[in-house]
Amino acid sequence: MPLILPAFPGPRYRGARQLGGAISGRRLLFIRKFYGGTKRFEMLAAESVPRPVSPTGGNMSELPETAGSAKNNGRPTSRRRVLQAGLAAGAAVGVGAWRSAPGPAAALSPLAKPLRKPGSRPYPKLPAGTDTIPQIEHIIILMMENHSYDNRLGMLRRPGADGFTIGKNGKPLNTNPYKNGWIQHAFRMPTTCQNDKPAQDWLNSHLQLGTGHNNGFVESGVGGTAMGYWEKADQPFYYAMASVFPIADRYFCSVLGQTDPNRRYLMGATSLGQVNDTAPKLSDYPANGTIFDAVAKVGLSWKAYYSNQSSTALFPELYIKNTKKIVKITEFYKDAAAGKLPSLSLVEPNYSTQSEENPQDIVEGEQFAAEIIDAVMKGPAWDKTLLIWTYDEHGGYYDHVVPPAALAPDSIKPDVPKGEKVYTGFKQYGFRVPCAVVSPYARRDYVSHKVMDHTSICALVEYKWNLPAMTYRDANANPMLDMLNLKSAAFKTPPKLAKPLLDTDKGTLKCLKTGPGVIPPPDSITK
């Protein structure tokens, strides 16, 4: 007899889709926990899931130098609404200060070599599980939500880093056009709070790309809000960290879409066709597993530390089968203090208050990230730890670097909403997002210009432990090794970083009650 379950318009997915597959009592508990309850009930229909081709094999690579020595839009409740069908997709010319990333050949450095295939290992002559970077024992992924590089680091002014083009008055020269010919200039946000305008679903993201020059942000559903940014005074900890530790100014999110498909890329190097934050089917699982599966297969440990929701549930079976490894965030602080962090960690904020998604106050997310990083730097295992800080996608906020071509991870096509275009599918990265590497072995005074995306994190894990690639995307991704100096621990003694704003100014939270201010400011528009 079919099992009757809620239709799940709960806290993370509203009104969305039926889930397919056989459902056990354990799965029922998972669904209720992840989606929330409702008085509406529907019968679940079993659905088949397309699987990507999974060839194996690969070509030779060289070890690193030290190896051997060692309102409602298809997203959660808080996501933006999708544009109405009548919204025009055209974008006007006249955008200011946009810049292209390197062309496909330069951008995808692996394309200069024979392509590695899914299932191949970075070092084919070495067995899986070989530790090629023994200096590092713990890799931590700290992923926040929904901000572009320019939105958070555009005003960093770090030598060599590609941020805003700054005019003689000290303000950005970057602009975007309105349909009526007005020009929206980049502007500092009036407070640390956000409004509800930013949108980054599949349609909006491609509208923001415009004519291929990132000139459609203001014409998209975001409007002038897209051109807002924060600077050092608004996020002192982030600016201190991004000024000291190496950052990547060509780190792109994996797909021109929302949070969930991008987080799927982080874990499985594919979104299985997902482009928006739609409910996963119970049968959704990468053909070659996830990065957590790969780590566990060679006997290594992993944990996902969550505050109120775990991204592991985006691949339901991953969550269902690993409930003992998916633990509350309080356990992270205990493990860090005891020097008992696992080989691989995923650390997640409270998605209601700390993830930095609009309309949250960004200071709460900065404070959370600062606490995590401080716990790592003060822990006894600091000398053998590497933490990556980044964001899942751009959140609808402007960035001036055009996303370059990318390798499609597999043969699965984008599952776009009815009536929407496929565009370039998964053969193009999403917009840039901030990325920094925090580690004793982080390269001092360094800004990476190598093209990376979330699967570069997978590639780093795979290179360290010689694990087989999951898809074509991670098999050929840059593994971030240029951001490390494994011969010398430049940050053996952790640097002293500025405190997050909320630690020194509790009053910044008042905008949650009084509002984010006028966005965009009238004087930021040229009519």
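Residues numbered from 1 in each chain as written. Predicted model: local features only at pLDDT ≥ 70, side-chain atom pairs only at ≥ 80, totals over all residues. Heavy atoms only, no water.

## Considering the overall build of the protein chain
Thought 1: The helix and strand tally for the protein chain stands at 14 helices and 17 strands.
Thought 2: A buried classification covers 60% of the 527 residues belonging to the protein chain.
Thought 3: For the protein chain, the computed accessible surface area is about 19900 Å², with 55% contributed by carbon and sulfur atoms. (Helix = DSSP H or I, 4+ residues; strand = E, 2+ residues; numbered from the N terminus. Buried < 20%, exposed > 50% of the residue type's maximum accessible area, 1.4 Å probe, protein only. Areas by Shrake-Rupley, 256 points an atom, 1.4 Å probe, with all protein chains shown as cover.)

## Here's the deal with the sheet that holds strand E17 (residues 525-526)
Thought 1: Spatially, the three strands line up as an open sheet ordered E5-E6-E17, and their pairing is antiparallel. Single-partner strands in this sheet number two, and they are strand E5 (175-177) and E17. (Pairing = 2+ DSSP bridges.)

## Some points on helix H11 (residues 454-465)
Thought 1: Look at H11: 18 Å from first C-alpha to last across 12 residues, which is about the 16 Å you get at 1.5 Å a residue.
Thought 2: Taking burial as the measure, the 12 residues of H11 include 12 buried ones, the bulk of the element.
Thought 3: Among the residues of H11, those classed as buried are His454, Thr455, Ser456, Ile457, Cys458, Ala459, Leu460, Val461, Glu462, Tyr463, Lys464 and Trp465.
Thought 4: Residues of H11 that are buried make contact with strand E4 (138-144), helix H6 (259-268), helix H7 (291-297), strand E12 (344-347), strand E13 (385-391) and helix H12 (472-475).
Thought 5: Two residues or fewer after H11 comes Asn466, characterised by a positive phi angle close to 50°. (Expected span 1.5 Å × (residues − 1). Contact = heavy atoms within 4.5 Å.)

## Focus on the packing of helix H9 (residues 329-338) against helix H10 (residues 362-378)
Thought 1: Relative orientation of the contacting elements H9 and H10 amounts to 25°, with a least axis distance of 9 Å. By the criterion of interaxial angle, the relationship of H9 to H10 is roughly parallel. In the packing of H9 onto H10, the handedness of the crossing is left-handed. Contact with H9, carried on its side by Ile329, Phe332, Tyr333 and Ala336, involves Phe368, Glu371, Ile372, Ala375 and Val376 of H10 and no other residues of that element.
Thought 2: Considered class by class, the residues forming the contact of H9 with H10 number eight nonpolar, no polar and one charged. (Axes fitted to C-alpha atoms, helices over the stretch in contact; angles between N-to-C directions. Parallel < 35°, antiparallel > 145°, perpendicular 65-115°, else oblique. Left-handed = near helix turned anticlockwise from the far one by under 90°. Nonpolar A, V, L, I, M, F, W, Y, C, P; charged D, E, K, R; others polar.)

## A closer look at the packing of aromatic side chains
Thought 1: Counted by the stated rule, this structure contains 19 aromatic pairs.
Thought 2: Ring centres of Phe164 and Tyr398 lie 6.5 Å apart, and the angle between their planes is 5°; this geometry places the pair in the stacked category. Of this pair, Phe164 sits in the loop between helix H3 (149-153) and E5 while Tyr398 sits in the loop between E13 and strand E14 (401-402), and the two are 234 residues apart along the sequence.
Thought 3: Here Tyr398 falls in the buried class, since its relative accessible area comes to 2%.
Thought 4: Put simply, the rings of Phe164, Phe217, Tyr229, Tyr398 and Phe431 touch in pairs and so form one group of aromatic residues.
Thought 5: Above the ring of Tyr149, the side-chain terminus of Arg432 is found at 4.0 Å from the ring centroid. (Phe/Tyr/Trp six-rings, centres within 6.5 Å; stacked < 30°, edge-to-face > 60°. Lys NZ or Arg CZ within 6 Å of the ring centre and 35° of its normal.)

## Observations regarding the confidence of the model for the protein chain
Thought 1: Per-residue pLDDT for the protein chain has a mean of 84; in total, 79% of the residues score no lower than 70.
Thought 2: When the criterion is pLDDT under 50, residues 102-111 qualifies, and its contacts beyond four places in sequence or with other chains add up to 17 contacts. (pLDDT = per-residue confidence, 0-100.)

## Describing the pairing of strand E10 (residues 302-306)
Thought 1: With respect to burial, E10 is a largely interior element, four of its five residues being buried.
Thought 2: Pairing of E10 with E12 involves four bridges; the strand directions are parallel. Following the sheet pairing, Lys303 is matched in E12 by Ser345.
Thought 3: The pairing of E10 with strand E11 (residues 326-328) spans three bridges and is classified as parallel. In the sheet register, Tyr305 faces E11, and the bridge partner there is Val327.
Thought 4: Handedness of the E10-helix H8 (residues 316-321)-E11 crossover: right-handed. (Right-handed = clockwise from strand over helix to strand, strands pointing away.)

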